[in-house]
Amino acid sequence: MNTFTSLITLLIFPAGLSLVLVGMFYEWVDRKLVARFQNRVGPRWFQPFADALKLFAKEQIRPAIVNPYLFFGLPVAALAGALTAALYVPLMGLSPASSFPGDLIVTIYLLSLPTMCVGLAGWNTSGRFSLIGATRTLTQLFAYEAPFLLAMLGPALVAGSWQINTINRFTQDHWLILTQPVGFIVALIGLMGKLELPPFDAPEAETEIVAGALTEYSGRGLAMFKISRSVELIIGLSLVSSFYLGGLNGIPSFLFKSLALLLVMSVLQVLLTRLRIDQTVGLWWRFGAILVLAQLLVMILWKGLAL
Amino acid sequence: MNSIWAVHFNSGSCNGCDIEILATLTPRYDVERFGIKLQGSPRHADVLIVTGPVTRQARERLIRTYEQMPEPKFVISVGSCSISGGVFEGCYNCVGSVDAVIPVDVFIPGCPPRPEAIIDGIVQLLTELKGGKARTPQKQNIAEEIST
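Positions within a chain are numbered from 1, following the residues in the order the chain's sequence is written. Labels are handed out in written order, letters beginning with A for the chains and numbers beginning with 1 for the ligands. Selection of residues for local features in this predicted model requires a pLDDT of at least 70, selection of side-chain atom pairs for listing and counting requires 80 or more, and totals for whole chains, interfaces and linings are taken over all residues.

Chemist: Which parts of the structure should I look at to understand the overall build of chain B?
Modeler: A run of H or I in DSSP counts as a helix once it spans at least four residues, and a run of E counts as a strand once it spans at least two, with each numbered from the N terminus. Within chain B, the secondary structure is distributed over five helices and seven strands. For chain B, the α and β elements follow one another from N to C terminus as β-α-β-β-β-α-β-α-β-β-α-α. Contacts are defined on C-beta atoms placed from the backbone: any two residues whose C-beta positions lie within 7 Å are in contact. Pairs at least 24 residues apart make up 81% of the contacts formed inside chain B by residues separated by at least 6 positions.

In structure tokens form, the structure reads like this:
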């Protein structure tokens, strides 16, 4: 019975299949919002599903010089990393499927696994566009990862725990966006960097380097990378909204808060133009990291004085 | 098929058709509502949109781009020149029409065709696919043909 329940948890709900479906729905919302902001009609509601189905049905071409194990293994690893991270996050406002002290760090590491896989995939296919794309992907990873982690640390410090579930319960009566606005902004922009949305889409800038690290991927591999991207979107949205927007305690609050965050993110996507990769790194290290560090210092002093 | 990802190839066009294709992708005509997206990489694409007569220089590149696309793949040739060679017919540097080089599924005439015509051509391709009249993939060995 126990194995059966955990299998259901892993494969269907809340991880696995339902997460993929919700991720695609959010991807559609994002695309539709961007289209409306650009005065377009936008894609139909089943567009991401149709894209994924079509990609799964297509031929997967393997370039002659790649390492086949890496080429076929990396998309699976990316998707698996994103889906495993989902186990520790209060998805859809329900309590996480699994929880232990310190799972915040594990989740953040698992969330950077898809990005690592994209980088490795670009290096493995060794086309000129994929190589440049992979370099940019990894550079951006080093740029946003530290500020994002620091921004996630703020709520953890206040709640006095490294466990996502405990922090989520703590934030339900503390709206941390009011006391830590800097952390919220850095976390939101860090999420945009993680998902390589504009203005941080230098790694896959289609006007410069075709499709970045994934240029040589077709069919199933590409579909898996795309799905892991939308799963990451869901996890990131639920992390940020549970930490900063007064916690998640049910499906209505999850839908409302994460869709509000998505609205803000798509407005930013439409408003801002693409940054060069050095501008991206400079933005993170010169402003993001230092602001969050200053806020952390203030919080530590405050806690020390209050005690 | 509700999701068509296209890659655009200029095989020697005068840029008239290319500008009409760009106009098709602008917010005014918004082809994303049909699921049509322009992709940079032929590996991601389902449809190859070719404009212009095929020049001797572009012939090998056109074939290579076509071969790089994963099956099932379709070709749309846009504009009079890509159908018959147009005003460039018989030029010393032209091979001629696109279907002399790679198999073509939909021809869109016009010099240049309006964006409405291009969208109509893609919709015709879609309805033909839905009706099950899809062309069986002709796996001719074009790569061998280049080397000769």
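Chemist: Please explain the overall build of chain A as it appears in this structure.
Modeler: The number of helices and strands found in chain A is 13 helices and zero strands. The globule rule used for comparison is 2.2 Å times the number of residues to the exponent 0.38, while the radius of gyration itself is calculated over C-alpha atoms. Against the 2.2 N^0.38 benchmark of 19 Å for 307 residues, chain A shows a C-alpha radius of gyration of 19 Å, consistent with a compact globule. Each principal axis of the C-alpha atoms in chain A carries an extent, and together these give about 65 × 50 × 40 Å. Burial statistics for chain A: of 307 residues in total, 46% are counted as buried. Considering only residue pairs separated by 6 or more positions, chain A has 79% of its internal contacts joining residues 24 or more positions apart. Whether a residue is buried, exposed or partly exposed is read from the other C-beta atoms within 10 Å of its own C-beta, which are placed from the backbone; 20 or more gives buried, 12 or fewer gives exposed, and intermediate counts give partly exposed.

Chemist: Can you walk me through the pairing of strand S1 (residues 4-10) of chain B in this structure?
Modeler: Along any regular strand the residues' side chains alternate between the sheet's two faces. All names here are of chain B. Of all seven residues in S1, five are buried, a share of seventy percent or more. In this scheme, strands are said to pair when DSSP sees at least two bridges between them. Two elements, S1 and strand S2 (residues 36-38), share three bridges in a ladder whose sense is parallel. Bridged to Ala6 within S2 is Leu38. Regarding topology, helix H1 (residues 16-25) serves as the crossover connection from S1 to the parallel S2, and that connection is right-handed. As paired strands, S1 and strand S3 (residues 47-51) are joined by five bridges and run parallel to one another. Across the sheet, residue Val7 finds its bridge partner in S3, namely Leu48. Here a crossover is taken to be right-handed if, once the strands point away from the viewer, the path from the first strand over the helix to the second is traced clockwise.

Chemist: What should I look at first to understand the environment of A:Pro48 in this one?
Modeler: Residue and element names in this part refer to chain A. Here Pro48 lies in helix H3 (residues 47-57). Between the C-alpha atoms of Pro48 and Met24, which are 24 residues apart in sequence, the distance is 5.7 Å. For Pro48, the residues in contact, after removing those within four places along its chain, are Met24, Glu27 and Trp28.

Chemist: I keep staring at the interface of chain A and chain B and nothing clicks. Help me out?
Modeler: Interfaces are often sized by the amount of accessible area the parts lose when they come together. On the chain B side, the residues contacting the 25 residues of chain A number 14 residues. The element best represented in the side of chain A that touches chain B is H3(A), accounting for four residues.

Chemist: What should I look at first to understand the pairing of S3(B) in this one?
Modeler: Residues and elements named next belong to chain B. Across the five residues of S3, five count as buried, placing the element largely inside the fold. Where burial is concerned, the two faces of S3 agree: the one with Val47, Ile49 and Thr51 and the one with Leu48 and Val50 are both buried. Sheet topology places S3 next to strand S5 (residues 74-78); five bridges connect them, and they run parallel. Across the sheet, Val47 pairs through a bridge with Phe74, a residue of S5.

Chemist: Got a minute to help me understand helix H4 (residues 68-85) of chain A in this structure?
Modeler: An α-helical segment advances 3.6 residues per turn. Residues three or four places apart therefore align on the same side. All names here are of chain A. For H4, built from 18 residues, the straight-helix expectation of 26 Å at 1.5 Å per residue is met to within 8% by its first-to-last C-alpha distance of 26 Å. When the local axis directions of H4 are compared, the greatest deviation, roughly 30 degrees, occurs at Leu74, which is followed within four positions by the proline Pro75. Every buried residue of H4 is listed here: Leu74, Pro75, Ala78, Leu79, Gly81, Ala82, Leu83 and Ala85. Expected span, for any helix, means 1.5 Å times one less than how many residues it has. In this analysis the local bend is the angle between axes fitted, respectively, to the seven residues ending at and the seven residues starting at the residue.

Chemist: Help me out: how do you make sense of the sheet that holds S3(B) in this one?
Modeler: Through backbone hydrogen bonds, the strands of a sheet pair up, either in parallel or in antiparallel fashion. Residue and element names in this part refer to chain B. A sheet is described by the order of its strands in space; here five strands give the open sequence S2-S1-S3-S5-S7, paired in parallel fashion. Since the sheet does not close on itself, it has two edges, and those belong to S2 and strand S7 (106-108), each with one partner. When strand polarity is set aside, the average angle formed by the axes of neighbouring strands in this sheet is 25 degrees. On top of the sheet, H1 reaches S1, S2, S3 and S5; it is set at about 140 degrees to S3, its chief contact. On top of the sheet, helix H4 (residues 115-130) reaches S1, S2, S5 and S7; it is set at about 165 degrees to S7, its chief contact. Interaxial angles span 0 to 180 degrees and are taken between N-to-C directions of axes, which are lines fitted to C-alpha atoms, for helices over the stretch in contact.

Chemist: For this particular structure, what's the right way to read helix H6 (residues 128-159) of chain A?
Modeler: Residue and element names in this part refer to chain A. Here H6 contains 32 residues, and its C-alpha end-to-end distance of 47 Å stays within 8% of the 46 Å for a straight helix at 1.5 Å per residue. Along H6, the largest kink reaches about 30 degrees and is centred on Tyr144; proline Pro147 follows within four residues of it. Gly160 lies just past H6 and shows a positive phi near 70 degrees.

Chemist: Quick question: what am I supposed to make of the packing of H1(B) against H4(B) here?
Modeler: The description of two helices packed together rests on the angle between their axes and the distance between the axes. All names here are of chain B. In contact at an axis separation of 9 Å, H1 and H4 are set at 75 degrees when each is read in the N-to-C sense. Between H1 and H4, the crossing angle belongs to the class labelled roughly perpendicular. Residues Glu20, Ile21, Ala23 and Thr24 of H1 lie in contact with H4, whose contacting residues are Pro115, Ile118 and Ile119. Here the term charged refers only to Asp, Glu, Lys and Arg, the term nonpolar to Ala, Val, Leu, Ile, Met, Phe, Trp, Tyr, Cys and Pro, and the term polar to all other amino acids, Gly among them. Split by residue class, the contact of H1 with H4 holds five nonpolar, one polar and one charged. Oblique is the label for any angle not under 35 degrees, not over 145, and not in the 65 to 115 range, which are roughly parallel, roughly antiparallel and roughly perpendicular in turn.

Chemist: Honestly, the environment of A:Leu271 in this entry has me stumped. Any pointers?
Modeler: Residues and elements named next belong to chain A. As for its placement among the helices and strands, Leu271 is situated in helix H12 (residues 251-271). On the basis of neighbour counts, which here come to 10 C-beta atoms within 10 Å, the residue Leu271 falls in the exposed class. In the structure, Leu271 is positioned 72 residues away from Pro199 in sequence and 8.7 Å away in space, judged by C-alpha atoms.

Chemist: What is the right way to read unusual backbone geometry from this model?
Modeler: Among all residues except glycine, the phi angle is most often negative; among peptide bonds, the trans geometry is most common. Residue and element names in this part refer to chain B. At the junction of Cys111 and Pro112, the peptide bond is cis and its omega measures out at -10 degrees in the coordinates. Look at Asp30: it is not a glycine, yet its phi comes out positive at around 40 degrees. By the secondary structure assignment, Asp30 is in the loop between H1 and S2.

Chemist: In this structure, what is going on with the nonpolar core? I would like to understand it.
Modeler: One broad rule of soluble globular proteins: the nonpolar side chains tend to lie buried together. A:Ala86, A:Ala187, A:Val231, A:Ile235 and A:Val240 are the most contacted members of the largest nonpolar core, which has 69 residues in total. With 31 residues, the next largest nonpolar core counts B:Ala6, B:Val50, B:Phe74 and B:Ile102 among its residues. Among buried residues, those of type Ala, Val, Leu, Ile, Met, Phe, Trp, Tyr and Cys that are joined through C-beta atoms within 7 Å form a set called a nonpolar core.

Chemist: Sorry, what's going on with the confidence of the model for chain B here?
Modeler: The predicted coordinates of low-pLDDT regions are not to be read in fine detail. Residues and elements named next belong to chain B. Values of pLDDT, ranging from 0 to 100, describe the predictor's confidence in every residue of the model. Chain-level statistics for chain B give a pLDDT mean of 80 and a share of 87% at 70 or above. Across chain B, element-level confidence peaks in S3 with a mean pLDDT of 88 and bottoms out in helix H5 (residues 142-147) with 49. The ipTM value of the predicted complex is 0.70, and its pTM value is 0.78.

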